[in-house]
Every structure is written in C-alpha cells, then in structure tokens.
Amino acid sequence: MPPHAKPTLLIISQVFVPDPAAVGQQIADVAQEMVRRGWQVVVYTASRGYEDPSSRYPRRQVIDGVEVRRIPLSSFGKSSIVVRLIAGAFFLTQAVVHSFFMPHLSLVLVSTSPPFAGIGGVFLSWLRRVPLVWWVMDLNPDQMVAAGRLARTSVVAWVFDWMNRLTIAHARDVITLDRFMTVRLLQKWPCKDKVQIVPPWPHDDVLSALPRKPNPFRDAHLLGGAFVVMYSGNHAIQHPLHTLLEAASRLKSTPDLLFVFVGGGAGKSQVEKRIQDGATNIVSLPFQKRNEISDSLSAADVHVVSMGDEVVGIVHPCKIYGAMAVGRPILFFGAAESHVGEIMAAHSIGCRINHGDVDGAVAAIQHFRTLSESARNILGCEAASIVRSRFSQRASVARVADILCGSKSPQPLQQLP
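In this text, all values refer to a predicted model and were calculated from it rather than measured experimentally.

**Points about the environment of V15**
Working step 1: Within the secondary structure, V15 is located in the loop between β1 (8-12) and α1 (22-36).
Working step 2: Classification of V15 by relative accessible area gives buried; the value is 3%.
Working step 3: Excluding residues within four positions of it along the chain, V15 makes contact with A21, V23, G24, T45, Y50 and S113.

So, in structure tokens, the structure goes:
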C-alpha cells in the first residue's frame, strides 16, 4: 500500500440504505463510523429493494463518505426461498468478481445477506491475503429448517453448515447478536476466541421519545385518541402474529382500541386477511421512511415484539430497541429463555406472553389500557433508560468499528447482556 493511501474496507451486503431492511441500516452506521476513522469504505449491494424489487437505487453514489456500488440482477423479491437464493448467488458472484482487483484492500466484512455471503468473503480474503470479519445477523440453514422449508438431514443443509464452518475457521473475528446465537454458533464450530457479541441498536439519530398526542402519524392515519397496540417492522414468519391477531378478534367490540401493523413481509398476509374478513379494529400500513420513524413509533401506546420459540438463537428481534427507545411499554410474545425474554425478566418494561396464550394476551392488553398514562410512561421511561445505558447506537457502533480495526476485549458468555 502506498504510504499515503487510506486502508480500504470492503463490505458485501445484499441490502444497504436507503433500503429499509434492518441489516442494511446497521451496516450503514458502521460504514460511516469507519469513514470517520479515516478508512475508505466501499460497499457492494443490490441495485433494487430487498423487500420490494420495484424500488430502484442509483448504481453508484456516495452516502456520508461511503462509496456505494450497486449490482444489477441481485434482488428478485421474497416470493420464495429459491428465488431469494438465486438472487443471492447472482449478487455474491458479481460482488466477488468486482472486488477482485480493488486497490489497497485491507479488510473484508460480510454479513449473512445473502445467507452464504461468508463463503464469498472467504474466497476474497484468501485470494487477496486480507482479514475477514463475519457479522452474523441470522443463521442458516437453521432458519430454513425451523421454518419447515428444509430438512435438517438434506444435502442443502449440509452444504450450508459446511460453508458456515469454513467461514468461521477462516474469519479473524465473528460478530453475533446475542448469547443464544453464540451458543448455537459454537455448536457448529469451536470459535469462542473469535466471537464478539454486539446486539443491534436503535437509530438514535432519528429516534426520540415523542408524546402520543399531538402526533402527525396519528393525524395522517386517523388514529385519533384510540389506544394503539402497534407491531412495527418485518412481519416475517419467524415473528408469529397469530396470538396477537386472535386477541384483536376477541377485543373487536372494545371501543377506541386499534391494532396497527406497520411494515411488510410474508406474515403481513395474515393481517390483510383479517381486514378483508371485516376486522375494523386492525390497521395495516407499509414501512415508514427513516425520517418519519419517530412519529410512527411514538404513535403507539404499547409496542408488540414477537419471536418464535423455535428461532431463539437463529434470528434476533431488532425491533425491540426502537420500541424501547421511544419510551413505550413492551408486549413480548416469545420464550422466557431468549434475549428479549431475559430483558423483560430483568426490567419492568411490560409483559411477556407465551405463543398460543390468547387469554393472557387479552388480559395484558386490557391491563395496559387500564393503567394511567403516567403509569405507562414509567414503564416506557425504564425501557428508554435501558436502551441508553446498554444498547446505545454510539457505543455499539464504536464497538463494531473497534473489532474491525483489530481491537477487541474478551467477553465471557456469562457476562453477555
């Protein structure tokens, strides 16, 4: 490297801002921090939206100092696993080829978008003789197996596990999102000395705890003075909504109570079906723009977070951090033995309900409604305080950047958040 050349960080991720996918948002925050630290950062990403492939983005642009290069034929939507895997393969192949002759390359960062991006990172790292960092946002084939779309004993599952083991063995560092994910990863390959756990973070730069009224989002969508139970984010099948929707059905005659679902994903069809069948207490809205997210999240009286019991340690419900950051109580559907379950058990910020416990869900929602606004504010303030002290954007982004720069501190499993 010439004496005055900046070190170059190459990031390969199928999603990146302005796409609303959480993975791209987190990677963008870290990319900008690395630019601030004096690195040249180049991102190869898809030219179309991940959730909505009709969304098209500029082929090349600079976003906050980050050089973004978008690749065609790399996002065909989420209609099926096969379509997503084909798009991911096209994307990864092009990204590796484009990156092969990149000058001054110093470090490669890949996430799990596409799910086999690690193997592309291994290939580049080996050819260019530079370190690799693997940022594990979710685990496959575990996720596909849990969803019933792949048999654990299938050849495809074996190939995915082989790629994961190869990526772990070759990576200098592995970043996971919680201790449950770490334990699952360690079952695939003994790599405790490489693992650093950094949970995702809320976007402090655009989030703030606003009053529920007056609120532009409430006004725009005619929510009025209703008590709003909100689910905001990706409606993936890994985040089951059946118990909540059944509770909404039982409470359909309750005045001034609305269930608002903001976002998209495969599970959104369940919400739309309820509306088509005549549910008048359910509202369905699309993903909101980044600069409007504070208004939309703050329009809720209670935020719902859901995670399937079978995906603990496989996926991570990032939406809880934004809900906590705006200072609202949390209604969590999921296992006690999970990252969010442990947060709920340790702090008075809301209620945890098992999947299938519709009676418990109805009781919890009625309980929140009977609380005074000041009592709900106490729960919300506690949630916001936890985010500031344990999951702040500034501290978490700095920690990932430190890992990329080669500085990390030991983190025994029992000390994880």
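And the narrative resumes.
**As for helix α6 (residues 179-188)**
Working step 1: Within the sequence span of α6, burial applies to F180, M181, T182, L185 and K188.
Working step 2: Each element contacted by the buried residues of α6 is listed here: β6 (132-135), α4 (142-146), α5 (155-170), β7 (173-176), β8 (195-197) and α12 (339-346).
Working step 3: Measuring from the backbone nitrogen of F180 back to the side-chain oxygen at the start of α6 gives 3.0 Å, which picks out D178 as the cap.

**Points about the nonpolar core**
Working step 1: Residues L9, F16, V41, W135, M324 and L404 are the most contacted members of the largest nonpolar core, which totals 90 residues.
Working step 2: The biggest single contributor to this core is α1, with six residues.
Working step 3: Among residues more than four places away in sequence, those in contact with W135 are Q26, I27, V30, L109, V110, S111, T112, I175, L177, W201 and V400.

**Here we look at the sheet that holds strand β10 (residues 257-262)**
Working step 1: Read from one edge of the open sheet, six strands run β11-β10-β9-β12-β13-β14, paired in parallel fashion. Across the chains shown, the open sheet's two edge strands, defined by having one partner strand only, are β11 (282-285) and β14 (350-353). Taking each pair of neighbouring strands and ignoring which way they run, the sheet shows an average axis angle of 20°.
Working step 2: When strand β9 (residues 227-232) meets β10, the two strands line up parallel, connected through six bridges.

**Looking at the pattern of salt bridges**
Working step 1: This model, assessed by the stated rule, comprises 16 salt bridges.
Working step 2: For D402, the salt bridge goes to R37, with nearest N and O atoms at 2.7 Å. Residue D402 is located in helix α15 (residues 393-404), and its partner R37 is located in the loop between α1 and β2 (40-46); the two are separated by 365 residues in the primary sequence.
Working step 3: As a salt-bridge pair, R376 and D301 come within 3.8 Å of each other at their nearest N and O atoms. Taken together, the residues R376 in helix α14 (residues 373-390) and D301 in the loop between α10 (293-298) and β12 (302-306) connect sequence positions 75 residues apart. For the residue pair R376 and D301, the accessibility class agrees, reading buried in each case.
Working step 4: Connected through shared salt-bridge partners, D142, R152, D161, R184 and K188 make up one network.

**Regarding the packing of aromatic side chains**
Working step 1: Under the criterion given, the structure shown has four aromatic pairs.
Working step 2: Relative to F101, the ring of F100 has its centre 4.6 Å away and its plane inclined at 85°; by these criteria the two rings are edge-to-face.
Working step 3: For F100, a relative accessible area of 31% translates into the label partly exposed.
Working step 4: The aromatic ring of F180 is capped on one face by R179, whose charged end is 4.4 Å from the ring centroid.

Criteria and thresholds
- Residues numbered from 1 in each chain as written.
- Predicted model: local features only at pLDDT ≥ 70, side-chain atom pairs only at ≥ 80, totals over all residues.
- Heavy atoms only, no water.
- Helix = DSSP H or I, 4+ residues; strand = E, 2+ residues; numbered from the N terminus.
- Buried < 20%, exposed > 50% of the residue type's maximum accessible area, 1.4 Å probe, protein only.
- Contact = heavy atoms within 4.5 Å.
- Polar contact = N/O pair within 3.5 Å; in protein donor to acceptor, adjacent residues only side chain to side chain.
- Core = buried A, V, L, I, M, F, W, Y, C linked by side-chain atoms within 4.5 Å.
- Pairing = 2+ DSSP bridges.
- Axes fitted to C-alpha atoms, helices over the stretch in contact; angles between N-to-C directions.
- Salt bridge = Lys/Arg side-chain N within 4 Å of Asp/Glu carboxyl O.
- Phe/Tyr/Trp six-rings, centres within 6.5 Å; stacked < 30°, edge-to-face > 60°.
- Lys NZ or Arg CZ within 6 Å of the ring centre and 35° of its normal.

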